[in-house]
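Residues per chain, in single letters:
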Amino acid sequence: MKKITVVCLALCSFFFEGDLFPVKAQILEKFTLPTPWTEEALKAEIPLPEYPRPQMARSEWLNLNGIWDYMGGKDLLDPVTATTPPAFPAKMEKIRVPYPPESELSGIARGGDTCLWYRRSFSVPQAWKGRNVLLNFGAVDRISSVFVNGKKVGTHTGGYDAFSLNITDYLKSGENVLVVGAYDPNDGRAASGKNGSRGDYIFTSGIWQTVWLEPVERQHISQIKLVPDLKNNRLEVIAYTGDKELKVTAIADNGTSEVARTEGNSDMSFYLPIREPRLWSPDDPFLYGLKLRLKDRKGKIIDEVSSYFGMRSVSMGKVDGVLRPLLNGEFVFHIGLLDQGYWPDGAFTAPTDKALLYDIELAKRAGFNVIRKHIKVEPQRWYYHCDRLGLMVWQDMPNLWEPDDEDSVAVRKQFRDELKVMI
């Protein structure tokens, strides 16, 4: 069994703001296989409260994890074709987001719903007035439609990659209603990995990573690309905004003091010099801190994100006539594990960040320097923990199970599109 288990006898149930219809009452000892983190996850008002995107973090944000209304079933309104959200009954099931409904931690513990519908209300902090608001999803399996105050905001296809929607124009003062629909047939005709029709795993569907809001200006950094260039002792930086005329200041630090600063244009490569770089390796997993500040045409800072990077290179080269993987130009023997990324209580979703970290720390203590992530893409915090603890990662692409029927061309194109996003 993957996890060390501890059986506790404490009684835990979670009620949301006095609601008469809480998440299904859960007694820890009745979990099929509780973990050392199950009780903490059950008691958390906001499960997985950590900021979910370490390589592009903002200081202001609002975590939407917690108790949502839920309904699921094959005969419900199809989220793929829905133009308006369905009506929710007065007496609702409740689900603990972001645990998938197949998991016991979700409070549902039911599979095969296919059409999944989630609902919750939220209020935008007063301090965000006048700014744009982004709604972010770590991952929703598999085809999702998002509605705010009854209006369709957008859709997304793919169960493993993060996506973001600008919901500013759909908001109103006071309470807002968010509805998320997810369609997931688990038929293997997509990049499904462990959620395929021939898998040996429990299927998981719907929201399975953190949902959160963050305020930004109209022009903001939407994505970053960081590429260490060891040959020239520098870091290539691209901060995407959709406007090549905006300026970006990049500031690197070593944890105690600033080591480099430079400025370039957004949407274009520029370079941050790193003199005498301390190279990242499993034995010395040193990470530099990084701040990126976006300026408008008047020089005013309109966005700032925090990030990190390691000065390292990965390549292939011959050593004694044998083609080998090279780290920083040298052959490092890979001693690794295959990591499944499943939890008995949360299925695809770790019960807590400590649980997410547990296997990585155990692998490191046992003397391994590589983890192969098996046909699954983890939340971004998992990769951050590997970076800072010194574990190289072999990343599988979640596989297709049914690629050769009459829809082969469409299936394979979608597979390649999702692969590019993941890379």
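Because the structure is predicted, anything quoted here is derived from the model rather than measured.

*Asks:* Got a minute to help me understand the pairing of strand E6 (residues 115-123) in this structure?
*Replies:* In summary, the side chains of a regular strand alternate between the two faces of the sheet. Examined bridge by bridge, strand E4 (residues 66-73) and E6 share 5 bridges and lie antiparallel to one another. If you follow Gly-73 over to E6, its bridge partner there is Cys-115. Note: E6 against strand E12 (residues 175-183), 9 bridges, orientation antiparallel. The residue bridging Tyr-118 from the neighbouring strand is Val-180, located in E12.

*Asks:* Whenever I open this one, the nonpolar core confuses me. Can you help?
*Replies:* In summary, soluble globular proteins display a tendency toward joint burial of nonpolar side chains. With 26 residues, the main nonpolar core has Trp-68, Tyr-118, Leu-135, Ile-167 and Leu-178 as its most contacted residues. If we skip the residues at most four places from it in the chain, Leu-178 touches Leu-64, Trp-68, Tyr-118, Arg-119, Arg-120, Phe-122, Leu-135, Val-146, Phe-147 and Val-148. Grouped together as the second largest cluster of nonpolar side chains are 25 residues, Met-56, Ile-221, Val-237 and Phe-270 included.

*Asks:* Explain the pattern of salt bridges to me, please; I cannot follow it from the model alone.
*Replies:* Working definition: two side chains of opposite charge can pair if their charged atoms are close together. As enumerated under the stated definition, the model contains 25 salt bridges in all. The partner of Asp-339 in a salt bridge is Lys-373, and the shortest N-O contact between them spans 2.2 Å. A residue pair is termed long-range when its members are at least 10 positions apart, and Asp-339 in strand E25 (residues 336-339) and Lys-373 in strand E26 (residues 370-373) qualify at 34 residues. By the burial criterion, Asp-339 is buried, and Lys-373 matches it. Three or more residues joined by partner-sharing salt bridges are found here, namely Arg-53, Arg-58, Glu-214 and Asp-303.

*Asks:* For this particular structure, what's the right way to read the sheet that holds strand E19 (residues 270-273)?
*Replies:* Hydrogen bonds between backbone atoms are what pair the strands of a sheet, whose relative direction is either parallel or antiparallel. Ordered by their spatial adjacency, 3 strands build an open sheet running E15-E16-E19, and the pairing between neighbours is antiparallel. Here the strands that pair on one side only, and so sit at the sheet edges, are strand E15 (223-229) and E19. In this sheet, adjacent strand axes meet at a mean angle of 25° when their direction is disregarded. Bridge analysis of E15 against strand E16 (residues 234-240) gives 7 bridges, and the strand direction is antiparallel. Paired with Leu-226 across the strands is Val-237, a residue of E16.

Procedures and definitions
- Residues numbered from 1 in each chain as written.
- Predicted model: local features only at pLDDT ≥ 70, side-chain atom pairs only at ≥ 80, totals over all residues.
- Heavy atoms only, no water.
- Pairing = 2+ DSSP bridges.
- Helix = DSSP H or I, 4+ residues; strand = E, 2+ residues; numbered from the N terminus.
- Core = buried A, V, L, I, M, F, W, Y, C linked by side-chain atoms within 4.5 Å.
- Buried < 20%, exposed > 50% of the residue type's maximum accessible area, 1.4 Å probe, protein only.
- Contact = heavy atoms within 4.5 Å.
- Salt bridge = Lys/Arg side-chain N within 4 Å of Asp/Glu carboxyl O.
- Axes fitted to C-alpha atoms, helices over the stretch in contact; angles between N-to-C directions.

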